[in-house]
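Residues per chain are reported as follows:
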Amino acid sequence: MSEHITFTIDGVEIKGKAGQTILQAADQAGIYIPRLCYLSELIPHGSCRVCTVIVNGKPQAACTQPITEGMTVENDTPELKEHRRNIIDMLFVEGNHYCMFCEKSGNCELQAMAYRLGIPAPKYPYLFPEKDIDATHPDIFIDRNRCILCGRCVEASRDIDHKGVFEFVGRGINKKVAVNAEANLKDSNFKVADKAADVCPVGSIIKKRVGFAVPVGQRKYDSKPIGSEIENKK
Amino acid sequence: MSKPKIATASLAGCFGCHMSILDIDERILKLIELVDFDKSPIDDIKEFTGRCAVGLIEGGCANEENVRVLQDFRKHCDILISVGDCAIMGGIPAMRNNIPLKECLDEAYLNGPTVHNPENITPNDKEIPLCLDRVYPCHEVVKIDYHLPGCPPSADTIWQALVALLTNKPLELPYELIKYD
């Protein structure tokens, strides 16, 4: 097998290395494929499906699908945009996302993805589910109202911190992030310096005593859409 | 030719979106050249005087009066716009949606730490509109044509949307003007 693999994304020829996923090769080439659960330091698991692309006519998660010679990938199409909008819409109505008082607002990847996709309002009915908050830990709190079940904290705690503080429990609408402790987060060995405290894409795992540190207008996604750092590489 | 009319209302909201409308500053003089204000707290006209081109709705539906006002707006306005997060998703008032209504009222009038209510009465005068079981975003009650997100949407967002609609241009908000906070 040759070291370099050539394929196309939306008709543009991309050169990647053997073993890379579509997402990795696209990132390197300066083509942004929208994603939520993916984080380059973690093992991709294709759970949010925002990065779904059409590979040789079939839908695949770009974060897990390896590249092959001559494959054709469709990414920026009206159908895929609509599919991504639907996922984001569902994530909004299946949680309780109050952006106006969330400390993560302006730096939140879910919100930024909705901005990028031009969503003024979700089209599905709000479910207003009952979710709980764990504020027992002295340095960190968990607000499950904002959790999008991306699994980044689960993976980071297990694979990088080697602690396994978080795990999913329950199924479907009742699925939630649980902590590996007698009762609450304070009973676990979770520390504010852990990688898992830094990976949450939304305001679900928040460090205490930080608050609204960056003024409105200077936050990460205030003026530039999510993904523009990748597109600027082109 | 008479100018098109605009109507505005605040349902279960904080009037912040109306403040944002006023925040268009001196452009309000240009707006007055383009439109007349009909039913609105801005001019204190209580009832519709005729058909309106655009209705701006702030706040969600928390009680039966909110629903009536919203339905009245739908009836009288060609284009109805949800302005702000309360109108779009219920906003802060929707935080009661996870608590049974009786518990909310008991906390507000009977059990709250600062409540002084020796008669132990929950207000129930028929003048007071009945609370709904939960707070509903406007588009779950009537058809809404456009949404302007934000808490509140910036004056620029409102201005740009109004000018686009009044000059028959497509309402396309640039990235910087779509904000949920």
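None of these values were measured; they are calculated from a predicted model.

Visitor: With reference to specific residues and values, describe the overall build of chain A.
Guide: Check the secondary structure of chain A and you find five helices and 10 strands. Projected onto its principal axes, the C-alpha positions of chain A cover 55 × 40 × 35 Å. Relative to its 234 residues, chain A shows a buried fraction of 51%. For chain A, restricting intrachain contacts to residue pairs at least 6 apart in sequence, the fraction spanning at least 24 positions comes to 65%. Accessible surface computed for chain A: about 11,100 Å², of which carbon and sulfur atoms make up 52%.

Visitor: Can you tell me about the packing of aromatic side chains, naming the residues and giving the values?
Guide: Residues and elements named next belong to chain A. Scanning the model with the defined rule gives seven aromatic pairs over all chains in all. Arranged with centres 5.4 Å apart and planes meeting at 15°, the rings of Tyr98 and Phe101 form a pair that is stacked. Overall, the relative accessible area of 7% leaves Tyr98 in the buried class. Here the aromatic rings of Phe166 and Phe190 are separated by 5.0 Å at their centres, their planes lie at 80°, and the arrangement is edge-to-face. Here the residue Phe166 occupies a position in strand S8 (residues 166-169), and Phe190 occupies one in the loop between strand S9 (176-179) and strand S10 (205-207), the gap between them amounting to 24 residues.

Visitor: Quick one: what's the story with empty space enclosed by the protein, residue by residue and with numbers?
Guide: Under the defined criterion, the tally for this structure stands at three cavities of 30 Å³ or more. Empty space within the largest cavity amounts to approximately 180 Å³. The wall of the largest cavity is formed by 17 residues, among which A:Phe92, A:His97, A:Pro122, A:Tyr126 and B:Met89 lie closest to the centre. By residue number, the principal contributor to the lining of the largest cavity is helix H4 (residues 85-89) of chain B, which donates three residues. Residues that form the lining of the largest cavity fall into these classes: 13 nonpolar, three polar and one charged.

Visitor: Before we move on, could you go through the side chain of A:Asp222 and cite the residues and values that matter?
Guide: Within the fold, A:Asp222 resides in the loop between S10 and helix H5 (228-231). In terms of polar contacts, A:Asp222 uses its side chain to reach the backbone amide nitrogen of A:Gln218, at 3.2 Å. A distance of 2.9 Å separates a polar side-chain atom of A:Asp222 from the backbone nitrogen of A:Arg219. In contact with A:Asp222, not counting residues within four places along its chain, are A:Gly106, A:Pro215, A:Val216, A:Gly217, B:Tyr175, B:Glu176 and B:Lys179.

Visitor: I'd like a description of the pattern of salt bridges, backed by residues and values.
Guide: Taken as a whole and judged by the stated rule, the model has 27 salt bridges over all chains. Between A:Glu109 and A:Arg152 there is a salt bridge; the shortest N-O distance is 2.7 Å. On the criterion of sequence distance, the pair formed by A:Glu109 in helix H3 (residues 109-116) and A:Arg152 in helix H4 (residues 152-160) is long-range, its members being 43 residues apart. We note that A:Glu109, like A:Arg152, is buried. B:Asp78 is the partner of B:Arg51 in a salt bridge, and the nearest nitrogen-oxygen pair spans 2.8 Å. Residue B:Arg51 is found in the loop between strand S2 (36-37) and strand S3 (52-58), and its partner B:Asp78 is found in strand S5 (residues 77-83); the two are separated by 27 residues along the sequence. One connected set of salt bridges, linked through shared partners, spans A:Glu82, A:Arg85 and A:Lys123.

Visitor: Requested: an account of the interface of chain B and chain A, with residues and values cited.
Guide: With 23 residues of chain B at the interface, the matching set in chain A holds 30 residues. For the chain B and chain A pair, buried surface summed over both sides reaches about 2,200 Å², with 63% attributable to carbon and sulfur atoms. Contact with chain A buries surface across chain B, with B:Asn98, B:Tyr175 and B:Tyr180 losing the most and accounting together for 35% of the total. Applying the counting criterion to the chain B and chain A interface returns one salt bridge. Across the chain B-chain A interface, the total number found is 10 residue pairs in polar contact (both at pLDDT 80 or more). Elements represented by at least two residues in the side of chain B that touches chain A include exactly H4 and strand S6 (131-136) of chain B. Here the side of chain B that touches chain A gets three residues from one element, more than from any other, and that element is H4(B). Grouping the constituent residues of the side of chain B that touches chain A by class yields 12 nonpolar, five polar and six charged.

Visitor: Provide a residue-level description of the pairing of strand S1 (residues 5-10) of chain B, including the pertinent values.
Guide: Residues and elements named next belong to chain B. Extensive coverage of S1 is indicated by the burial of five of its six residues. Strand direction decides the pairing type here: S1 and S2, joined by two bridges, are parallel. Directly across from Lys5, in S2, lies its bridge partner Asp36. When S1 meets S3, the two strands line up parallel, connected through five bridges. From the neighbouring strand, Ala9 faces S3, where its bridge partner is Ile57.

About the cut-offs
- Residues numbered from 1 in each chain as written.
- Chains lettered and ligands numbered in written order.
- Predicted model: local features only at pLDDT ≥ 70, side-chain atom pairs only at ≥ 80, totals over all residues.
- Heavy atoms only, no water.
- Helix = DSSP H or I, 4+ residues; strand = E, 2+ residues; numbered from the N terminus.
- Buried < 20%, exposed > 50% of the residue type's maximum accessible area, 1.4 Å probe, protein only.
- Contact = heavy atoms within 4.5 Å.
- Areas by Shrake-Rupley, 256 points an atom, 1.4 Å probe, with all protein chains shown as cover.
- Phe/Tyr/Trp six-rings, centres within 6.5 Å; stacked < 30°, edge-to-face > 60°.
- 1 Å grid on protein atoms, 1.4 Å probe; cavity = no way out; pocket = protein on both sides within 12 Å on 5 of 7 lines; lining within 4 Å.
- Points joined across faces, edges and corners; volume = space filled by probe spheres on them.
- Nonpolar A, V, L, I, M, F, W, Y, C, P; charged D, E, K, R; others polar.
- Polar contact = N/O pair within 3.5 Å; in protein donor to acceptor, adjacent residues only side chain to side chain.
- Salt bridge = Lys/Arg side-chain N within 4 Å of Asp/Glu carboxyl O.
- Buried area = accessible area lost by both parts, 1.4 Å probe.
- Pairing = 2+ DSSP bridges.

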